[in-house]
Amino acid sequence: VTRGLARAALAAAVVLAAGGVARAQQNIVAPGATSTPPPPGPARTVRYPLPVATTLPNGLRVVAVRIPGSALVAADLVIPGGSIADPDAAPGVASLTVSLLARGTAHRSAREIAIAEDALGATLDGRASADRSEVTTDAVAARFPAALALLADAVREPAFAPDEIVLAKQRATSSVALQSSSPAALASLVAQRALFGNAFGRPGSGTARSIAAIERDQIVAYHRAYYRPNGAVLAIGGDLSAADAFALARGAFGDWNAPGAALPPAPAPLAAKPRVVVVDQPAAGRTAVVVAHLAPVRSAPNYAVASATNAMLSGYSGRLNAEIRIKRGLSYGAGSTFTSGLYAGTFVASTLVEHAKVPEALDVMLSTIGSLGGPEPPSAEELSVRRTSLLGGQASMIESTTGLVRVVAGNAFNGLPVDELDALTAQLDAVDANAIARFAKTALSTPPTIVLVGDASKFIDAVRKEHPGVQVVKASDLDLTSATLTR
Amino acid sequence: VTPPSLAESWAVQPLLRIVGIAVVAALGVPASAGAAPPATASAPIAFPPIAFAQRTLPNGLRVVLVEDHRAPTVAIDVCYDVGGKDDPPARSGFAHLFEHLMFKGTSNTRPESWDRLTEDVGGYNNAYTAPDVTNYYEVVPSNHLERLLWAEADRMANLTVDEPNFVTERKVVIGEYDQRVLASPYGMLFELANGAYAVHPYKRGVIGSPAQLNAASLDDVRAFHTTYYRPDNAVVVLVGDLDPAQANAWVDRYFGPLRRPVAPIPRVTAVEPAQTAQRRVTYASKNAPLPAAFVAYHIPAASSADGPVLDVIEALLGRGASARLRTALIDRTGVASQIYANADVRQQPGVFDVMAIATAGHTSGDLVTALGAQIARLRDETVPSDELEKAKTQEISAVVRVLQTHDQVAQALARAVFINGDPNDLNRYPNAYLRVTPGDVQRVARRYLTVENSTVVEYETASATAPGPAK
């Protein structure tokens, strides 16, 4: 149909940078009459759909969420394990395993799966993260049962054909190479590595070297140990009743037998000693500056306050962007990401700056992060703005069936009650400024892990003055599978 | 914090369809998965019609409303019938530069107002410039609708740009040219494909020329705003949790007083002459890791009856894991690592594009041959009916999937108004997919997808031998 496509997309993406540099202060010539914006109307009460859960005899937890008016039905199957369960010598196995599920099964060739998926107009995707793998599908309602059957075949009986493994390894290697060329993406991987002394720090996608070393047997063994009904969660959402969703789940997975062996225990995260790391990447256009801390797990009682604390630092009016972009024009943007799973959580604050501005940007980031629990606790008004932003963003997820089903599946896998979306809203409403200050004082006042990826020659001397213990690693020498960052 | 790369944006963009549904009927789900239909042959899926209301204010402003209370948010699009093709003479890229300036504040707002009005309340704002239109959009909790209407009307009427602002933003835009066209490995490929046009201003592309942008002045900005940013050259599209009577009253209050200028709106009247011989362009990229090829064919405007057939051909060639280009160029012969097909239907006659990026050891010539063979199959063979049904189901499912959100429904309606010339095309296109026959596919392929109607871009790497995969 009508699109500007590549050309329109070009401009569309460009626009994110609109007003990038100097949107802050300039003289406004005011011709004629002025007016002010009308006030917002009364806030709407947000009603999240309430999921219904059951457990099949084989242990599979099934969560159904009814979304009236949705033409699509979506499913999200969450499998335990994840990249923390990768063999020590083979980071990347969980990721490679999920990428191979639709590349041939006991019943269908890769080509037959592709044709079936397309003929249904369905999607079939998978991804692995630290503590889980996820496989998703969606299709218009009339085609969904067949799409779910296809997903079940891919999950339960993948063939792991040797030639497909070769291709999957090639794709994974290219993707890792692409990630390493971006200072921002690389800095986030290095921060993860530097925060943890064990499997939690490893890159889930693996490295070129670790991917090359992965053997088919390791993939098969991983699949046998972790792809199982007991411990997994299946969420189904759309305009269908819970009874219909449960019937679909039973049809696709009811005869999936739980293995005799218990689920292997997950390792506990091992916090590493906070340190300062510079990755020297002379070709980088800008330097990525990352300041990272450990954060609560998803089921922790202080998850809501942690989330609100992160919101104080993030977003357009959040403190990091206010200090770094709006007040000082050091970067196009700055913010913080709070990620929280079953066993570990992280706060990762980041920005991209010109190499020579690194010392200033780092100082500002550190003092801004420290300010919440120290000299400048949040004001009630500031909290109100950030909370509105956080809750509004959460409410907008209802717009998308696929997005809502993912959140519902994640909440169930994290062991949270079915009414978690409403409960979290209430908890966020109850968070006050004192609670944030108290939380920040403990969680964000410990020495942070600092990672700088860029042209080190432009900033290393100044950084070394402030942080004499800084570790400098050439990008070409970096080994993310090692807690020391080098081979 | 990191702006998306070009690669990310065009990987996502093919899913942005203009067609869509606002209120969808519930479809029956079999109660038992044991009764799941076989994965392939099935009856076609239906497309429920979209429900929207439209009207025109006395000052010429068009308004399209969709009431949908499934989420407590509202999307606001203000789309102007001006795009890259309307750049002033010797000012290629100006429409896009101007779009950036629309965020720089008015007599009533400070430059960062848009983020305060949207991000601070849990929403977002953005805009894009296409060859035909410039679209500004926001999504906010629905109790903020009136504020955003005020702000959009304000910048339609009162844009204030000073010299320092203008110079700074021009640098930002030129910096983006450097990043997206020069630094991006395949950025120039898309620009070169505009060489399909000899006469029509589509030949200049949207991103334009840094030299011509540097020649632009604040006077150009004022003239452009006066010429094109006026109520009779815009549509306001509102989708989501709104009360139509209240929303209409707010539109009247804030946009109603805006004056319709007397001067006519300049329109592009250039007509691209029929192409009679293939054009070939060769380019040596300094930074592309692997060769690529792009072939563009002239096609009719979006309002044509052949538009939906071209969409189905796009799906046959490029959509999904079993698409023809993927099967032939990636899975079977391995000459390509990426493929892409796009029926780029526009307000005035557009182009149908196919593109491939090579794997190590293959040349752009190999890709041109392989792409040409798949296009020739469309002309020479009748598409099997099960494959055609698959493509139709994919097109309709993709529309339903993309248009889950108020944002996408609003953007699709805005484009339909100005690019198709009729918001009803939201219904016409998907319903037309269902009626496409194997004969239609062959007829349309024979008419437009011909060698003499094509422009070939052979994109070479700087070194003669392509490097192997990254270590």
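The rules behind each value
- Residues numbered from 1 in each chain as written.
- Chains lettered and ligands numbered in written order.
- Predicted model: local features only at pLDDT ≥ 70, side-chain atom pairs only at ≥ 80, totals over all residues.
- Heavy atoms only, no water.
- Helix = DSSP H or I, 4+ residues; strand = E, 2+ residues; numbered from the N terminus.
- Buried < 20%, exposed > 50% of the residue type's maximum accessible area, 1.4 Å probe, protein only.
- Areas by Shrake-Rupley, 256 points an atom, 1.4 Å probe, with all protein chains shown as cover.
- Rg over C-alpha atoms; globule rule 2.2 N^0.38 Å.
- Contact = heavy atoms within 4.5 Å.
- Lys, Arg positive; Asp, Glu negative; His and termini not counted.
- Charge placed at Lys NZ, Arg CZ, Asp CG, Glu CD.
- pLDDT = per-residue confidence, 0-100.
- Axes fitted to C-alpha atoms, helices over the stretch in contact; angles between N-to-C directions.
- Parallel < 35°, antiparallel > 145°, perpendicular 65-115°, else oblique.
- Left-handed = near helix turned anticlockwise from the far one by under 90°.
- Pairing = 2+ DSSP bridges.
- Phe/Tyr/Trp six-rings, centres within 6.5 Å; stacked < 30°, edge-to-face > 60°.
- Nonpolar A, V, L, I, M, F, W, Y, C, P; charged D, E, K, R; others polar.
- Core = buried A, V, L, I, M, F, W, Y, C linked by side-chain atoms within 4.5 Å.
- Salt bridge = Lys/Arg side-chain N within 4 Å of Asp/Glu carboxyl O.

Draft legend 1. Examining the overall build of chain B more closely. The number of helices and strands found in chain B is 16 helices and 11 strands. A buried classification covers 64% of the 471 residues belonging to chain B. Looking at chain B as shown, the accessible area adds up to about 16,100 Å², and 57% of this sits on carbon and sulfur atoms.

Draft legend 2. Broad picture of the overall build of chain A. The helix and strand tally for chain A stands at 17 helices and 12 strands. Here the C-alpha atoms of chain A give a radius of gyration of 24 Å, agreeing with the 23 Å that 2.2 N^0.38 yields for 487 residues. Its C-alpha atoms give chain A principal-axis dimensions of roughly 65 × 60 × 50 Å. Partitioning the intrachain contacts of chain A with sequence separation of at least 6 by distance along the chain shows that 81% fall at a separation of at least 24. On chain A, roughly 18,300 Å² of surface is accessible, and the fraction owed to carbon and sulfur atoms is 55%. Distance between charge centres in chain A, computed from 42 positive and 38 negative side chains, equals 2 Å.

Draft legend 3. Layout of the confidence of the model for chain B. All names here are of chain B. For chain B, per-residue confidence averages 87 on the pLDDT scale, and 89% of positions sit at 70 or higher. Counting interchain partners and residues more than four positions distant, the pLDDT-below-50 stretch residues 1–41 has 116 contacts. Throughout residues 464–471 the model reports pLDDT below 50, and contacts reaching past four residues in sequence, or to other chains, amount to 12 contacts.

Draft legend 4. Broad picture of the packing of helix H12 (residues 364–380) of chain B against helix H16 (residues 438–448) of chain B. Residue and element names in this part refer to chain B. Packing of H12 against H16 brings their axes to within 7 Å, and their N-to-C directions diverge by 125°. The angle between H12 and H16 falls in the class oblique. The two elements H12 and H16 meet at a crossing, and its hand is left-handed. Each of Leu 378, Arg 379 and Asp 380 in H12 lies in contact with H16, whose residues at this interface are Val 441, Gln 442, Ala 445 and Arg 446.

Draft legend 5. Spatial organisation of the pairing of strand E3 (residues 73–80) of chain B. All names here are of chain B. Burial analysis of E3 places eight of its eight residues in the buried class, which makes it a mostly covered element. By the alternation rule, side chains of E3 split into Thr 73, Ala 75, Asp 77 and Cys 79 and Val 74, Ile 76, Val 78 and Tyr 80, which are all buried. As judged from the eight bridges shared by E3 and strand E5 (residues 134–141), these two strands associate in the antiparallel manner. The residue bridging Val 74 from the neighbouring strand is Val 140, located in E5.

Draft legend 6. Highlighting the packing of aromatic side chains. Residues and elements named next belong to chain B. A complete count under the given rule lists 24 aromatic pairs over all chains for this structure. Plain terms: the ring middles of Tyr 80 and Tyr 136 are 5.7 Å apart, the flat faces sit at 85° to each other, and that makes the pair edge-to-face. Here Tyr 136 lies in strand E5 and Tyr 80 lies in strand E3, a separation of 56 residues in the sequence. Each member of the pair, Tyr 80 together with Tyr 136, is buried. For the ring pair Tyr 136 and Tyr 229, a centre distance of 6.2 Å and an interplane angle of 70° mean the geometry is edge-to-face. Note that Tyr 136 is positioned in strand E5 and Tyr 229 in the loop between helix H8 (218–228) and strand E6 (234–240), a separation of 93 residues in sequence. Given the relative accessible area of 4%, Tyr 229 is considered buried.

Draft legend 7. The arrangement of the sheet that holds strand E4 (residues 123–129) of chain A in detail. Residues and elements named next belong to chain A. The six strands are arranged E1-E2-E6-E3-E5-E4 in an open sheet whose pairing can be described as mixed. Looking at strand neighbours, the two that pair on one side only are strand E1 (52–55) and E4, the edges of this open sheet. Strand-to-strand twist in this sheet, taken as the mean axis angle between neighbours without regard to direction, amounts to 15°. Here strand E2 (residues 61–66) runs beside strand E6 (residues 233–238); their pairing, made up of six bridges, is parallel. Each residue of the ladder has a partner; that of Arg 66, found in E6, is Gly 238. Against the sheet, helix H4 (residues 144–156) contacts strand E3 (72–80), E4, strand E5 (132–140) and E6, and its axis sits at roughly 155° relative to E5. Lying over the sheet, helix H14 (residues 401–413) contacts E2, E3, E4, E5 and E6, oriented at roughly 30° with respect to E3.

Draft legend 8. Seen up close, the packing of helix H14 (residues 406–420) of chain B against helix H15 (residues 425–435) of chain B. All names here are of chain B. Running from N to C, H14 and H15 cross one another at 90°; their axes reach a closest spacing of 9 Å. The orientation of H14 relative to H15 falls into the category roughly perpendicular. Of H15, the residues touching H14 (which contributes Ala 412, Leu 413, Ala 416 and Asn 420) are Asp 425, Leu 426 and Tyr 429. Its residues assigned to classes, the contact of H14 with H15 shows five nonpolar, one polar and one charged.

Draft legend 9. A look at unusual backbone geometry. Residue and element names in this part refer to chain A. Positive phi values are uncommon outside glycine, yet Phe 160 reaches one of about 50°. Even without glycine at this site, Leu 485 takes up a positive phi of about 75°. In this structure Leu 485 comes out as buried when scored by relative accessible area, which is 0%.

Draft legend 10. Examining the nonpolar core more closely. Membership of the largest hydrophobic core comes to 78 residues, with the highest contact counts inside it found for Leu 329, Phe 352, Val 354 and Leu 413 of chain B. Top contributing element to this core by residue count: H14 of chain B, with nine residues. When sequence neighbours within four positions are dropped, the list of residues in contact with Leu 413 of chain B reads Ile 50, Phe 52, Val 64, Val 66, Val 237, Val 239, Pro 423 and Leu 426 of chain B. If you look at the next biggest cluster of nonpolar residues, it comprises 55 residues, including Ala 94, Ala 147, Ala 172 and Ile 236 of chain A.

Draft legend 11. How the structure looks around the confidence of the model for chain A. When the pLDDT values of chain A are averaged, the result is 90; 93% of them are 70 or greater. Note that pLDDT drops below 50 for residues 1–33 of chain A; the model gives that stretch 125 contacts with residues more than four away or on any other chain.

Draft legend 12. The arrangement of the sheet that holds strand E8 (residues 287–295) of chain A in detail. Residue and element names in this part refer to chain A. Taken together, the six strands give an open sheet; going across it, the order is E9-E10-E8-E11-E7-E12, and neighbouring strands pair in mixed fashion. A single partner strand is all that each edge strand has here, and the edge strands are strand E9 (334–340) and strand E12 (471–474). Strand-to-strand twist in this sheet, taken as the mean axis angle between neighbours without regard to direction, amounts to 20°. With seven bridges joining them, E9 and strand E10 (residues 345–353) adopt antiparallel strand pairing. Looking at E10, one finds that Gly 335 is bridged to Ser 350. The strands touched by helix H10 (residues 303–313) within the sheet are E9 and E10, with E9 carrying the most contacts at an inclination of about 165°. Along the sheet, helix H12 (residues 358–371) makes contact with E8, E10 and strand E11 (449–454), crossing E8 at roughly 20°.

Draft legend 13. Focus on the pattern of salt bridges. Applying the stated rule across the entire model yields 40 salt bridges over all chains. Residues Glu 164 of chain A and Arg 103 of chain A are paired through a salt bridge, measuring 3.1 Å at the closest nitrogen-oxygen approach. Here Glu 164 of chain A is found in helix H5 (residues 162–180), whereas its partner Arg 103 of chain A is found in the loop between helix H2 (93–100) and helix H3 (110–119), with 61 residues between them in sequence. According to the relative accessible area criterion, Arg 103 of chain A is partly exposed, its value standing at 24%. In this structure, Asp 131 of chain A and Arg 132 of chain A form a salt bridge, with 2.7 Å as the shortest nitrogen-oxygen distance. Here Asp 131 of chain A falls in the buried class, since its relative accessible area comes to 8%. What makes Arg 132 of chain A buried here is its relative accessible area of 10%. Taken together, the salt bridges that share partners define one network made up of Arg 386 of chain A together with Arg 116, Glu 119 and Asp 120 of chain B.

Draft legend 14. Layout of the pairing of E5 of chain A. Residues and elements named next belong to chain A. Across the nine residues of E5, nine count as buried, placing the element largely inside the fold. Where E3 meets E5, nine bridges bridge the pair, whose relative direction is antiparallel. Opposite Ala 74, over in E5, you have Asp 138 as the bridge partner. When E4 meets E5, the two strands line up antiparallel, connected through seven bridges. Its bridge partner lying in E5, Asp 125 is registered against Thr 136. Counting the residues that bridge the hairpin from E4 to E5 gives two residues.

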